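For reference, the chains in residue letters:
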Amino acid sequence: MKILVTGGTNGMGKGVAKVLSAFDDQIHEIILLGRSEELGEATIRELESSSGNKKLSFVLCDLAKLSDVRAAINEIQSKHTFLDCIFINAGLGYAAKRVETEDGMNPHFQVNYLSQFMLTLNLLNLLENSENGGRVIFNVTRGGEIFWDDIQMKNKWGFEKGIHQAMAAKRMFLVELHDLYKGVSGKKVSFIGFEISQTVWSNQINIIPVSMKIMATVMKFFGTFISIEKCGMIMAPLFTENQEVSLKKSGKFVTWKNNEFIRMKEEETLFSRELQDRLWNISLELCKDEKTTRIAERLHNYSK
Ligand SMILES: NC(=O)c1ccc[n+]([C@@H]2O[C@H](COP(=O)([O-])OP(=O)(O)OC[C@H]3O[C@@H](n4cnc5c(N)ncnc54)[C@H](OP(=O)(O)O)[C@@H]3O)[C@@H](O)[C@H]2O)c1
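Below is a summary of the structure that appears in this document. The residue count restarts for each chain, going from 1 along the sequence in the order it is written. Given that the model is predicted, a residue must reach a pLDDT of at least 70 before its local features are reported, and side-chain atom pairs must reach 80 or more before they are shown or counted; all residues, however, enter totals for whole chains, interfaces and linings.

### Some words on the overall build of the chain
Moving on, step 1. Looking only at helices and strands, one finds 11 helices and 10 strands in the chain.
Moving on, step 2. Its C-alpha atoms give the chain a radius of gyration of 18 Å, within 12% of the compact-globule value 19 Å for 304 residues.
Moving on, step 3. Referenced to the eigenvectors of the C-alpha coordinate spread, the extents of the chain come out at roughly 55 × 50 × 40 Å.
Moving on, step 4. Once C-beta atoms are placed from the backbone, each residue is buried if 20 or more other C-beta atoms lie within 10 Å of its own, exposed if 12 or fewer, and partly exposed for counts between those two. Across the 304 residues that make up the chain, the buried fraction comes to 41%.
Moving on, step 5. In this description, any two residues whose backbone-derived C-beta atoms lie within 7 Å of each other are considered to be in contact. If you take every contact in the chain between residues at least 6 apart in sequence, the share linking residues at least 24 apart comes to 76%. In this text, helices come from DSSP runs of H or I with a minimum length of four residues, and strands from runs of E with a minimum of two, each type numbered from the N-terminal end. With the radius of gyration taken over C-alpha atoms, the globule rule is written as 2.2 Å times the number of residues to the power 0.38.

Structure follows, in structure tokens:
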């Protein structure tokens, strides 16, 4: 499998990349997408030495910059003729204040959702070329709402609300993609939401304020957290299972409980096509990218 992992330089993304690079006698090719060249190179060296896998590469892309997303899409398209999986994972977590991106957006909305909306749409053709069954695994949590009148959260900002809004947007995007692909004959791609049922001891611990860190350390003592490697082990089958099994999960949200993937119940609003289309159109306007708009139109035409 050839797997692109956004946010592969830390936390859950790194855990998945680490496990997959060693999985199945190191046959999988892993492409890490991240915002720091230095960290990207260091992660590749680390994973090469822990797994022995030499099919690891890095794409530099700060998801807080749409210009970087365009460049990353071009780089991936020029180097690869297909992709088997994308892990939509990168996310900005704790932030002390709202620091607008250079594109004038709420950073959680842009990094955690919008840039990855654009990335996914532009890489669908590579997933369609997969001989193993292309798939996109979205790292999601339930809850959250779209602040339709203030998506950029200029009036009322909070980092947790920002994270949850982006999560709700990601989940609506996933459901719409799944529905659109139902109308595409012969081009089967799965879109799966995965929620980890335990908290992962990720790099967020190094970013949060001291009071939160103390609380987390106490909770760690009581076994609340799992390691990034354990998280990678749990998630690995989603990336490597055969196409038929993967397609059965498409459009759904799953978690891992009692040693199996189980389906989670989802909120009704996510399945409102009217709201999905509203978010989709807002997202296209914010991307301001003709190619992305053309891809979106092609998908909507397929489903007619
Ligand atoms: N930890 C949990 O228990 C948990 C549970 C459910 C869902 N999640 C979700 O999982 C995802 C990963 O979180 P995590 O806990 O693993 O946190 P993390 O350790 O901080 O990892 C976040 C990853 O996203 C990358 N990233 C952040 N901003 C970026 C940007 N502007 N451009 C490109 N990459 C960027 C980070 O890059 P750097 O390496 O350069 O920092 C890092 O690789 C998030 O979406 C989070 O909401 C986490």
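Now, onward.
### Comments concerning the site of the ligand
Moving on, step 1. Nearness between a residue and a molecule or strand is assessed with a C-beta atom placed from the backbone; a distance within 6 Å qualifies. Taken together, 29 residues surround the ligand, and among them Gly-7, Gly-11, Gly-91, Ser-202 and Asn-203 come closest.
Moving on, step 2. At the level of secondary structure, the elements contributing two or more residues to the shell around the ligand comprise helix H1 (11-26), helix H4 (107-128) and strand S7 (199-200).
Moving on, step 3. By residue number, the principal contributor to the shell around the ligand is H1, which donates three residues.
Moving on, step 4. Amino acids are sorted into nonpolar (Ala, Val, Leu, Ile, Met, Phe, Trp, Tyr, Cys and Pro), charged (Asp, Glu, Lys and Arg) and polar (every other residue, Gly among them). In terms of residue class, the shell around the ligand is built from 10 nonpolar, 17 polar and two charged.

### A word on the pairing of strand S6 (residues 189-195)
Moving on, step 1. The element S6 is extensively covered by neighbouring structure, given that six of its seven residues are classed as buried.
Moving on, step 2. In this analysis, strands are considered paired if DSSP registers two or more bridges between them. In terms of strand pairing, strand S5 (residues 134-139) meets S6 through six bridges, oriented parallel. The partner of Ile-137 across the bridge, within S6, is Ile-192.
Moving on, step 3. Pairing geometry for S6 and strand S9 (residues 253-257), over three bridges, is parallel. Across the sheet, the residue bridging to Gly-193 is Phe-253, located in S9.

### Re the sheet that holds strand S1 (residues 2-6)
Moving on, step 1. The strand order S3-S2-S1-S4-S5-S6-S9-S10 describes an open sheet built from eight strands, whose pairing is mixed. Edge positions in the sheet fall to strand S3 (56-60) and strand S10 (260-263), since each has one partner strand and no second. If you compare each strand with its neighbour and ignore which way they point, the axes differ by 25° on average.
Moving on, step 2. The sheet contact formed by strand S4 (residues 85-88) and S5 spans four bridges and is parallel. What sits directly across from Ile-86, in S5, is Val-136. To get an axis, fit a line to the C-alpha atoms, keeping to the stretch in contact for a helix; angles then go from 0 to 180 degrees between the N-to-C directions.

### Describing the environment of Ala-216
Moving on, step 1. Of note, Ala-216 is situated in helix H7 (residues 210-221).
Moving on, step 2. Remark: the alpha-carbon pair of Ala-216 and Asn-10, spanning 206 residues in sequence, is separated by 18 Å.

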